[in-house]
Each structure stands twice: as C-alpha cells, then as structure tokens.
Amino acid sequence: MKVDVLLGLQWGDEGKGKVVDVLTPHYNVVARFQGGPNAGHTLVFEGKKFVLRSIPSGIFQNDQVNVIGNGVVLDPVLFADEARDLEKQGIDIKKVLKISKKAHLIMPTHRVLDAANEKLKGDSKIGTTGKGIGPTYTDKISRNGLRIGDIEENFLEKYNAAKKRHISLLNALGETPDVDELEKKWMEGIEYIKEFDLIDSEFFINKQLKDGKSVLCEGAQGSMLDVDFGSYPFVTSSNTVCAGACTGLGLAPSKIGEVFGIFKAYCTRVGSGPFPTELFDETGATIRQIGHEYGAVTGRERRCGWIDLVALRYTIMLNGVTQLIMMKSDVLDGFETIKACDAYEINGKVTRDFPFSIEHDITPVYTEIKGWNTDMTGMTSEDQFPQEFKDYIKFLEEKLEVPITIVSVGPDREQTIVRAK
Ligand code: GDP
Ligand code: IMO
Ligand code: MG
C-alpha cells in the first residue's frame, strides 16, 4: 500500500480540515506530518463547528487511528486543551490518537522567543501566529530540541538546560521573561501527554502499509508557506510540501500514492508578505465578508484576492499533485465577473513561471471569466452546476493540467461534491 497526501496549495486555510474529515472514512489511519498549533483546521457537521490545531482531522470518524508524526511540533498546553475538549465530546482520544516520540516540544520560552524575534524585525515582521513555531524548529535543526521521547528520561535536566539557553538568548535581546505561570501549566500538559500511546511512528505507519492498511497524510499550512519554496522569509518553518510527508512520518518517497492538492476558488493569506493578486478594494472586502475570511484560531483578518494560477502551477509541480480539490466555490456565487491571474508582468516582461521572488512590483495579468450568479450551496451533484461554473472548472483544469475531482460548496461535510472521473 501507499499513502495518500492531502495538502494546501496556497497560503494555508484552504479547507484541509473539512476535506480530511470527508475523506477519512476511506482510510484506516490519518497522520499529521508537520506544523503545529499554528494550524487551525475547521470541521463542520451536524450543525456544529470544531477547530483542530495539532490533532489530525480524522478524529471525528469512527475506528480510524490518528497519528501525530515526528515532523510536528507540539505544545503540551494547547494540546491538552484541544484533547480534553474532544474527550468532552465523547471521543476516546487516548485510544484513537498516537504521538511520535520524535515530535519536538514547544516550550514556554519558545513562545517568548517567537514574540521577541518578531519585535526585533520591526516593520519587516513575519506576522507569525506567536505559537513558538520558528524557535522550536530552529532548536530542532540546530540540534538543541526537546522531544516527546525525552519525557521518559532525565526530562527535567534536559528541560532546564534548554530553558537556561533560551533565557540567556532572551536576556541578550533585553528581555527578562517570567514564564513561571505558563511553565506550571506546561508541566501539567506533559503529565497528560504521558497518558497517551507514545510511539515510534515511522515503524507504526510502515507496518500499517505492509499490513494493507490505508493512510491519509494531512498537511498543515500551504505550499506557499513552505520554508524552501514559499515566499521566503514570509513563510513558516517547516516543509509543507509533499516531501514533508516523507521526512515528517518516516516514509520513503516511493510510498507516496495520490496527492490531493487543495485550493480555494480565490486566494487568501494571513500575516505579512507578498501576495500578487491581493485586492485592496471593495471586491476584496466582499470576498472576506462572504467567505468569513478571519483566522480560525487567531481571528486575524485574512487578506483576500483572485486565484493565482502562476503560483498554483508552481505548487502543483512541487507536490506532484494528482487530483485537485476546489474549495469555497460558493463564495463566488454572487459575482458577475471572476478574475484569474494566468501570468505576472514584472518590469514590462510577462512570465507564466513563478519567479525567484514575488517581492518586486508584480502586475497580475488577468483572464476575466463570466460568473455563474447562482446559489450553489444546496447542490449535491455536478449535474446541477450552472454552465458558467462548469466553464470555470474546465478553464482551471486546462490551465493547471490536473483534474478537479472534488468541489466544495459550503463549510458542512455534506456540501461536498465528488465529480465523475
Ligand atoms: P484549513 O486550515 O485548511 O483546514 O482551513 P480553515 O479551517 O482555516 O479555513 C477554512 C474555512 O472555510 C473554515 O471556516 C471552513 O469552515 C470554511 N469552509 C471550508 N470549505 C468551505 C466551502 O466550500 N465554502 C464555504 N463557504 N466555507 C468553507
Ligand atoms: P493552516 O494549517 C494560514 C502563517 C502565519 C505567518 C507565517 C509564519 O490552518 O492552513 P508561524 O506561526 O508558522 O511561524 O507563522 O505563516 N501561517 C498560516 N497561515 N494558515 C495556517 O495554517 C498557518 N500557519 C502559519 O500567519 O504569516
Ligand atoms: Mg486554517
């Protein structure tokens, strides 16, 4: 067996949580491979809304096993809050969730370092989620990190050494943090984590595949936030592209099967950094309002713009996408005209290829598409799609050269249309 990977092709918040939840019944295992509580994955069903941050979005379906892989960074405080909430919903979380011993721990001082780094950057700050993601991955790469497996041996010694190092870094930045209160909660979170099945997830996942079990890997963030290929330095600190599933779960590249690339019918971004198709006018505000484009966790306003096919072609290539999933199509239901950026004009030259940097003055070259002006939120099959929407799908498939196999027309599980192959 091979694993299937589902990941975001834009700047995150494409609707990954919803689709993982919808696809989970077809799988035995759902695994997160990177990121941490910077993610906010929303699921809506039976009139209720749930937001997941570190826990895979397969958690609400029945017998599936959910795995937090080695590539993830985990904050014990936020994890305990999230898991306890799920316990209250009647989910036997300790039975259905396994955590890699090689996943790294976000310490209270990582959060303080995140804030201090942002302060130091001033106007060029990244606009991080403030969850300590960058400093935790920095410690991982510089071989100073603290892992879940460390809980089992000389933990306090390791924790205190890491904390001491962080404090001296912070002091050098003129900060004198007081993390006592946070630390108390953090240690409680560590005690709670001990009650879970802490595993060598690379062995677990590969054994599942060998036994004929199916695995879905759930990406966090989006490819345009990838630390290597995204709009650097305005990115997150992990590999959000498909290759991240290999390193973040211990999977050989030959084990990758289908790659589901998920995108919105338009485009959004939170935090700072370039966004060539951003709309600063009424249209942008209308998309934000209709699409409820506010952060799932932080509540921050998401910047909105038209779909960017130059960036999408790039991220489809990077991920080897085999199937496309289009989200939030319904948000454009009331538009007379829709625009799609098929090329960039940079210094008078037109390019269809994604450039080294998108920080220069880019003028998007738009193709105008007639809107469908029809409420699609109640539709259940593609036969009901208005002709103009069918034309939009056809246009995108021609430009992106990958079939769109699923279309989402609303936030609910039920508002998902699988297209005939
Ligand atoms: P994720 O981080 O990729 O899981 O996405 P988020 O949960 O951060 O953001 C997606 C938002 O769009 C959530 O509020 C979802 O409930 C909502 N959503 C998902 N699919 C659709 C859709 O097809 N239509 C509409 N209107 N909302 C959607
Ligand atoms: P999901 O999984 C959207 C953005 C932040 C910031 C940058 C770096 O819900 O799609 P970080 O805290 O990771 O160091 O912040 O990345 N960012 C996200 N934007 N969706 C996310 O996750 C994001 N996770 C991080 O806004 O610009
Ligand atoms: Mg999100």
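Just above sits the structure.
A short tour of the structure in this document, coming up. On a predicted model such as this, the values are computed, not experimentally measured, just so you know. (Residues numbered from 1 in each chain as written. Chains lettered and ligands numbered in written order. Predicted model: local features only at pLDDT ≥ 70, side-chain atom pairs only at ≥ 80, totals over all residues. Heavy atoms only, no water.)

1. A few points about the overall build of the protein
Of the regular secondary structure elements, the protein holds twelve helices and 20 strands. Computed over C-alpha atoms, the radius of gyration of the protein comes to 21 Å, within 12% of the 22 Å expected from 2.2 N^0.38 for 421 residues, which places it in the range of a compact globule. For the protein, the C-alpha atoms occupy an extent of roughly 65 × 50 × 40 Å along the three principal directions. Here the protein, with 421 residues, has 58% of them falling under the buried criterion. When the accessible surface of the protein is split by element, carbon and sulfur atoms take 49% of a total near 18000 Å². Each charge class in the protein can be summarised by its mean position, and for the 51 positive and 61 negative side chains these summaries are 4 Å apart. (Helix = DSSP H or I, 4+ residues; strand = E, 2+ residues; numbered from the N terminus. Rg over C-alpha atoms; globule rule 2.2 N^0.38 Å. Buried < 20%, exposed > 50% of the residue type's maximum accessible area, 1.4 Å probe, protein only. Areas by Shrake-Rupley, 256 points an atom, 1.4 Å probe, with all protein chains shown as cover. Lys, Arg positive; Asp, Glu negative; His and termini not counted. Charge placed at Lys NZ, Arg CZ, Asp CG, Glu CD.)

2. Thoughts on unusual backbone geometry
Here the bond from Tyr 232 into Pro 233 is cis, since omega is 5°, no more than 30 degrees from zero. Of note, Pro 233 is situated in the loop between β10 (215–218) and α9 (243–249). At Lys 328, a position not held by glycine, the phi torsion is positive, near 55°. For Asn 347, which is not glycine, the phi torsion reads 50° and is therefore positive. Checked against the element boundaries, Asn 347 lands in the loop between β16 (337–346) and β17 (349–351). By relative accessible area, which is 71% here, Asn 347 ends up exposed.

3. Brief notes about the site of ligand 1
The immediate surroundings of ligand 1 are formed by 20 residues, with Gly 15, Lys 16, Thr 42, Asp 330 and Ser 408 found nearest. At 2.7 Å from an oxygen atom of ligand 1 is found a main-chain nitrogen or oxygen belonging to Lys 16. Of all the secondary-structure elements, those providing two or more residues to the shell around ligand 1 are α1 (16–23) and β3 (41–45). Looking at side-chain class alone, the shell around ligand 1 contains six nonpolar, seven polar and seven charged residues. (Near = heavy atom within 4 Å. Polar contact = N/O pair within 3.5 Å; in protein donor to acceptor, adjacent residues only side chain to side chain. Nonpolar A, V, L, I, M, F, W, Y, C, P; charged D, E, K, R; others polar.)

4. Considerations on the packing of aromatic side chains
Applying the stated criterion across every chain, the model contains 16 aromatic pairs. Ring geometry for Trp 11 against Phe 275: centres 5.3 Å apart, planes inclined by 55°, an arrangement best described as tilted. Of this pair, Trp 11 sits in the loop between β1 (3–8) and α1 while Phe 275 sits in the loop between β12 (267–269) and α10 (282–290), placing them 264 residues apart in sequence. Grouping residues by exposure puts Trp 11 and Phe 275 together as buried. Pairing Phe 155 with Trp 186 gives two aromatic rings, centres 6.1 Å apart and planes at 10°, and the pair type is stacked. Of this pair, Phe 155 sits in helix α6 (residues 155–172) while Trp 186 sits in helix α7 (residues 180–193); the two residues are 31 residues apart in sequence, bridging distant segments of the chain. (Phe/Tyr/Trp six-rings, centres within 6.5 Å; stacked < 30°, edge-to-face > 60°.)

5. Looking at the sheet that holds strand β5 (residues 65–68)
The ten strands lie next to each other as β9-β7-β5-β2-β10-β1-β11-β15-β19-β20, forming an open sheet whose pairing is mixed. Looking along the sheet, the strands with just one partner apiece sit at the ends: β9 (197–199) and β20 (416–418). For this sheet the average axis-to-axis angle between neighbouring strands, irrespective of direction, equals 20°. Looking at chain direction, strand β7 (residues 97–100) and β9 are connected through three bridges and run parallel. Directly across from Ile 99, in β9, lies its bridge partner Leu 198. (Pairing = 2+ DSSP bridges. Axes fitted to C-alpha atoms, helices over the stretch in contact; angles between N-to-C directions.)

6. Observations regarding the packing of helix α4 (residues 108–121) against α6
Following both chains from N to C, one finds α4 and α6 inclined at 20°, their axes separated by 9 Å at the closest point. It follows from the interaxial angle that α4 and α6 lie roughly parallel. In the crossing of α4 with α6, the sense of the turn from one axis to the other is left-handed. For the pair α4 and α6, contact is made by Pro 108, Thr 109, His 110, Val 112, Leu 113 and Ala 116 and by Tyr 159, Lys 163, His 166, Ile 167, Leu 169 and Leu 170, respectively. (Parallel < 35°, antiparallel > 145°, perpendicular 65-115°, else oblique. Left-handed = near helix turned anticlockwise from the far one by under 90°. Contact = heavy atoms within 4.5 Å.)

7. Section: the nonpolar core
Judged by nonpolar contacts, the single largest core of 57 residues is most densely connected at Tyr 392 and Leu 396. Of all the elements, helix α12 (residues 387–400) adds the most residues to this core, at six residues. Judged by nonpolar contacts, the second largest core, of 35 residues, contains Leu 43, Ile 59, Leu 97 and Phe 155. (Core = buried A, V, L, I, M, F, W, Y, C linked by side-chain atoms within 4.5 Å.)

8. So, the pattern of salt bridges
Across all of its chains, the model carries 29 salt bridges by this definition. For Lys 88, the salt bridge is made with Asp 85, and the minimal N-O distance between the two is 3.8 Å. A residue pair is termed a helical-turn pair when its members lie 3 or 4 positions apart in one helix, as Lys 88 and Asp 85 do in helix α2 (residues 76–88) at three residues. Of the residues examined, Asp 85 reaches a relative accessible area of 44% and is grouped as partly exposed. (Salt bridge = Lys/Arg side-chain N within 4 Å of Asp/Glu carboxyl O.)

9. Regarding the site of ligand 2
Around ligand 2 lies a shell of 21 residues, among which Asp 13, Lys 16, His 41, Thr 129 and Thr 236 are the nearest. In the environment of ligand 2, an oxygen atom lies 2.9 Å from a nitrogen or oxygen atom belonging to the backbone of Gly 40. Compared with its free state, where it exposes 550 Å², ligand 2 has 98% of that area covered by protein. Per-class residue counts for the shell around ligand 2 are eight nonpolar, ten polar and three charged.

10. Regarding the coordination of the magnesium ion (ligand 3)
The protein atoms that coordinate the magnesium ion (ligand 3) are Asp 13 (OD) and Gly 40 (O), at distances spanning 2.1 to 2.2 Å. Here Gly 40 lies in the loop between β2 (29–32) and β3 and Asp 13 lies in the loop between β1 and α1, a separation of 27 residues in the sequence. Asp 13 sits in the partly exposed class, given a relative accessible area of 23%. (Donors = N, O, S within 2.8 Å, 3.2 Å for Na, K, Ca; no water.)

11. Quick word on the packing of α4 against helix α5 (residues 133–141)
The N-to-C vectors of α4 and α5 enclose an angle of 110°; their axes lie 7 Å apart at closest approach. Accordingly, the angle class assigned to the pair α4 and α5 is roughly perpendicular. Along this stretch, α4 crosses α5, giving a crossing that reads as right-handed. Contacts from His 110, Leu 113, Asp 114 and Asn 117 in α4 reach Ile 133, Pro 135, Thr 136 and Asp 139 in α5. Looking at the contact of α4 with α5 residue by residue, the classes come out as three nonpolar, three polar and two charged.

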